[in-house]
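Understanding the architecture of this molecule
Below, each chain spelled out in residue letters.
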Amino acid sequence: MKKVKLLIAALFFTMWACSPAPKEQDQQSMYKEKVDSLLSLMTLDEKLGQLNLPGAGDIVTGQASNSNIAENIRNGEVGGLFNIKTAEKIREVQRVAMEESRLKIPLIFGMDVIHGYETVFPIPLALSCSWDMDLIERSAQIAASEASTDGICWTFSPMVDIARDPRWGRIAEGSGEDPYLGSQIAKAMVKGYQGDDLSKNNTIMACVKHFALYGASEAGRDYNTVDMSRIRMYNEYLPPYKAAVDAGAGSVMTSFNEIDGIPASANKWLLTDLLRDQWGFDGFVVTDYTAINEMIAHGLGDLQMVSALALDAGVDMDMVGEGFLTTLKKSLEDRKITEAQIDEACSRILEAKYKLGLFDDPYRYVDVERAKMEVFSESNRKEAREIAAQTFVLLKNENNILPLRKRETIALIGPLADNKENMPGTWSVAARFDQAISLREGIENVAGKNINVLYAKGSNIYSDPELEKRVSIFGKPTNRDARPEAEMIREAVNVANRSDVVVAALGESSEMSGESSSRSDITIPQTQRELLHALLKTGKPVVLVLFTGRPLALKWEDEHVPAILNVWFAGSEAGYAIADALFGNVNPSGKTSTSFPQTVGQVPIYYNHKNTGRPLPEGVEYQKFRSDYLDVTNDPLYPFGYGLSYTTFEYGDLQLSSNSLKGNQTLTASIQLSNTGNYDGAEVVQLYIRDMVGTVTRPVKELKGFQKIELKAGESKVVSFDITPEDLKFYNYDLDYDWEPGEFEIMIGGNSRNVKTGKVNWEK
Ligand code: BGC
């Protein structure tokens, strides 16, 4: 019997491989046909094997066939592997699947290619500050192209969790606080990774994560509880996931958190009613790392129970935990689940492999020749450098300290000044840390021979060595300076005194943000602040080059430091890109994608909040019995959409094509933008709308459009936005997506705080 099945399998694959290229309209039914016939050959164990996604475990190049994982692959117990690196290893384990397993089903290879592969781009939060969709798409395209040469065909990206709480370290991995901007970016990333044909050998499958609402973890503590109303979900948190699904993302990853009291991985409403039935998602759902097993701790039952719940909810693939592999058979015997459910999950995974072209050629993504040409290539690194420079946000630039002149003595000071390993930023799984460009290298290279760079470390990241160990990459020892704090500061001050300008490279190490890196205090660590204090006391002009994976609370720095360039974590070419911006080869044009609080006590703080019944009147700092604080104003330090330039931009008056509209008419809102400074530059012009009266309360403003406009010094341009009722739609109390007639405020400006305003009446 076994032999007969094998013969059929062999025949089936021969036919499969020889079949002609399908027309697009027939593809779906063809996938189904192929998948169904394969399924009919599979044993229950083999089906369960496809649902199993272990980590790369103990695989060593040259010994793959002896590894435990290889044994499991041989036995048909593995559907794919993730975070396994190098073409050789991937080829070896794929060979085991193709030559030594009964049905020869290819493995799918995933990886956290989050912001680049070996060529690392800025962290996603930084990329979002470019407000440049082509650039973001391009970064994903390069990442896909590089990763695919090494055999990776699936990335656990984009991460599109809306985040309003900078205590949460994973804010670094997403696109900030806004659903509109987040949705545009989600689309761009999916397009960048997947291109228009997933089976090409340089495109890879996207995985939208973390579905859903992970960014709303209470108190900013990772993996924590989430609880929110449906109306908030639909209007504020779900749009980016939906945008990614609409853009054709091939897979979705569940989140760790609960939603309405049921963890995402067991939430049938989320994974089936919403994702599949309402949104029409037809890819496959993978859990996050051991998310099924974690439902035991959530209090939903034992492993058999939670695994059955997950399958029933709509999970197709189990990452790492092996709950599916080890318990679903028993659940089937106990009639807790049906074989049809297992078949459905298995079909979705097989279909994904088919779409990726793995059945045609299981090694199509392993391309050693292309790897040599592309991976970490000069041209990719050049693009990474250009892209990085577009993500920096100039928060302050008093007396035009920046750009720096190329003929002076620069005191380069700080724990992040001469440091490579902290440049790529969190989730740089494939990065070449030792080849990342430090700021010191960048400055020396860009400024050339006419400057003199004097360096001093000045401080460690934290004075507490234990804390510093926690925030180093995977606990690796840092280049910690053993000298007493005072001595390091003394040295730095000496260096500063001998210079014309001080560049202080301070802030967070890369592992102070990202997964499991929540902070309750979001200021620059105390020891670095003391250094900054001392540097300011020298009277030399100080430029703070701020490394961070989250919006920090910078009230003190804003009050005391004349220039602040927020550079996030800018990737492998960080040092060059930062130097390009510091010396004015590139004029900064990034705009914040999150509000920067004055103090952590204001968190969560976001621009698109509701008005409340007791709003604080505009311009008033405090008023008794109003919605405010005794000790701080309601304002963020830097609002959403904020960022300066070396030049200045002026906005004219807002022009509206009409003040009274009806039905499906189009309103055109225009404004004259002028570059009134001395440099060419780019400005992100932002459109916000407020719905003045609704059947439910509406935000005080919502981003509805933006354009990045380049203007030469002295140049002006009229910037226009066309607005239709589509832009006025929202989910009402019954979760119907529609617009309501009445008065609307139309706002255009260079950030969410400083806008020009006009009003229209729009009837149905
Ligand atoms: C993270 C995911 C990631 C996965 C695989 C998890 O801990 O939450 O974002 O994709 O690990 O590495």
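In this text, all values refer to a predicted model and were calculated from it rather than measured experimentally. (Residues numbered from 1 in each chain as written. Predicted model: local features only at pLDDT ≥ 70, side-chain atom pairs only at ≥ 80, totals over all residues. Heavy atoms only, no water.)

A few points about the overall build of the protein
- What the protein contains, in helices and strands, is 23 helices and 27 strands.
- Taken over C-alpha atoms, the radius of gyration comes to 27 Å for the protein, in line with the 27 Å a tight globule of 764 residues would show.
- For the C-alpha atoms alone, the extent of the protein along its principal axes is close to 85 × 65 × 50 Å.
- Taking all 764 residues of the protein together, 61% fall into the buried category.
- Across the protein, 81 positive and 106 negative side-chain charges occur, with their mean positions spaced 1 Å apart. (Helix = DSSP H or I, 4+ residues; strand = E, 2+ residues; numbered from the N terminus. Rg over C-alpha atoms; globule rule 2.2 N^0.38 Å. Buried < 20%, exposed > 50% of the residue type's maximum accessible area, 1.4 Å probe, protein only. Lys, Arg positive; Asp, Glu negative; His and termini not counted. Charge placed at Lys NZ, Arg CZ, Asp CG, Glu CD.)

Observations concerning the sheet that holds strand 27 (residues 755-763)
- Strand order in this open sheet of five strands is 19-27-26-21-22, and the pairing throughout is mixed. What marks the edges here is a single partner per strand, and that holds for strand 19 (660-662) and strand 22 (702-711). Taken over all neighbouring pairs, the strand axes of this sheet differ in orientation by 25 degrees on average, direction set aside.
- Pairing of strand 19 with strand 27, which is carried by three bridges, proceeds in the parallel orientation. Of the residues in strand 27, the one forming a bridge with L661 is W762. (Pairing = 2+ DSSP bridges. Axes fitted to C-alpha atoms, helices over the stretch in contact; angles between N-to-C directions.)

Topic: the packing of helix 17 (residues 378-389) against helix 23 (residues 574-582)
- Closest axis-to-axis distance for the helix 17/helix 23 pair is 8 Å, and the angle between their directions is 45 degrees. For the element pair helix 17 / helix 23, the angle class is oblique. The way helix 17 lies across helix 23 gives a crossing that is right-handed. Seen from helix 17, the contacting residues are R385, A388 and A389; seen from helix 23, they are Y576, A577 and D580.
- Among the residues making up the contact of helix 17 with helix 23, the classes are represented as four nonpolar, no polar and two charged. (Parallel < 35°, antiparallel > 145°, perpendicular 65-115°, else oblique. Left-handed = near helix turned anticlockwise from the far one by under 90°. Contact = heavy atoms within 4.5 Å. Nonpolar A, V, L, I, M, F, W, Y, C, P; charged D, E, K, R; others polar.)

Let's talk about the side chain of E745
- Checked against the element boundaries, E745 lands in strand 26 (residues 742-749).
- What makes E745 buried here is its relative accessible area of 15%.
- When sequence neighbours within four positions are dropped, the list of residues in contact with E745 reads Y688, I689, R690, M692, T757, G758 and K759.

Points about the site of the ligand
- Residues in contact with the ligand amount to 14 residues; listed here are only the nearest, D112, R170, K209, H210 and D288.
- R170 is positioned with one of its side-chain polar atoms (N or O) 2.7 Å from an oxygen atom of the ligand.
- Its residues placed into classes, the shell around the ligand shows seven nonpolar, two polar and five charged. (Near = heavy atom within 4 Å. Polar contact = N/O pair within 3.5 Å; in protein donor to acceptor, adjacent residues only side chain to side chain.)

Regarding the packing of aromatic side chains
- Scanning the model with the defined rule gives 25 aromatic pairs in all.
- With centroids separated by 5.2 Å and ring planes inclined at 50 degrees, the aromatic side chains of W154 and F284 adopt a geometry described as tilted. On the criterion of sequence distance, the pair formed by W154 in strand 4 (residues 154-155) and F284 in strand 9 (residues 284-286) is long-range, its members being 130 residues apart. Pair check on accessibility: W154 and F284 agree, each one buried.
- Seen from their ring centres, Y234 and W269 are 6.5 Å apart, and the 50 degrees between their planes marks the pair as tilted. In this pair, Y234 is assigned in helix 9 (residues 230-237) and W269 in helix 11 (residues 268-278), connecting sequence segments 35 residues apart. (Phe/Tyr/Trp six-rings, centres within 6.5 Å; stacked < 30°, edge-to-face > 60°.)

Details of the pairing of strand 22
- Among the 10 residues that make up strand 22, seven are buried, leaving the element largely enclosed by the rest of the structure.
- By the bridge criterion, nine bridges tie strand 21 (residues 681-691) to strand 22 in an arrangement that is antiparallel. Following the sheet pairing, Q686 is matched in strand 22 by F706.

Looking at the sheet that holds strand 3 (residues 108-111)
- The sheet built from three strands is open, its strands ordered 2-3-4 with parallel pairing. Here the strands that pair on one side only, and so sit at the sheet edges, are strand 2 (80-82) and strand 4.

Here's the deal with the confidence of the model for the protein
- Here the protein averages 95 in pLDDT, while 96% of its residues score no lower than 70.
- In the predicted structure, residues 1-20 sits below a pLDDT of 50 and forms 21 contacts with residues beyond four places in sequence or in another chain. (pLDDT = per-residue confidence, 0-100.)

Section: the nonpolar core
- Counting 133 residues, the largest nonpolar core has L51, W154, F211 and L238 as the members making the most contacts within it.
- Per-element accounting of this core gives the leading share, eight residues, to helix 7 (residues 133-149).
- Ignoring any residue separated from it by four or fewer positions in sequence, one finds F211 in contact with L238, Y241, V252, M253, T254, S255, A264, L270, L271, L274, L275 and W279.
- Residues A388, M512, A577 and Y638 belong to the second largest nonpolar core, which totals 82 residues. (Core = buried A, V, L, I, M, F, W, Y, C linked by side-chain atoms within 4.5 Å.)

Section: helix 23
- Burial of helix 23 is extensive: nine of the nine residues sit out of reach of the surface.
- Within the sequence span of helix 23, burial applies to A574, G575, Y576, A577, I578, A579, D580, A581 and L582.
- Just downstream of helix 23 lies G584, where phi reads positive at about 80 degrees.

Quick look at helix 5 (residues 87-100)
- The end-to-end C-alpha distance of helix 5, which contains 14 residues, comes to 19 Å, matching closely the 20 Å that a straight helix rising 1.5 Å per residue would cover.
- For helix 5, the complete set of buried residues consists of A87, K89, I90, E92, V93, Q94, V96, A97 and M98. (Expected span 1.5 Å × (residues − 1).)

Describing the environment of R483
- Relative to the helices and strands, R483 resides in the loop between helix 19 (465-470) and helix 20 (485-497).
- Separated by 396 residues in the primary sequence, R483 and A87 have C-alpha atoms spaced 44 Å apart.
- Apart from the residues within four sequence positions on either side, R483 is in contact with M488 and E491.
- Among the polar contacts made by the side chain of R483, one reaches the side chain of D481 at a distance of 2.9 Å.

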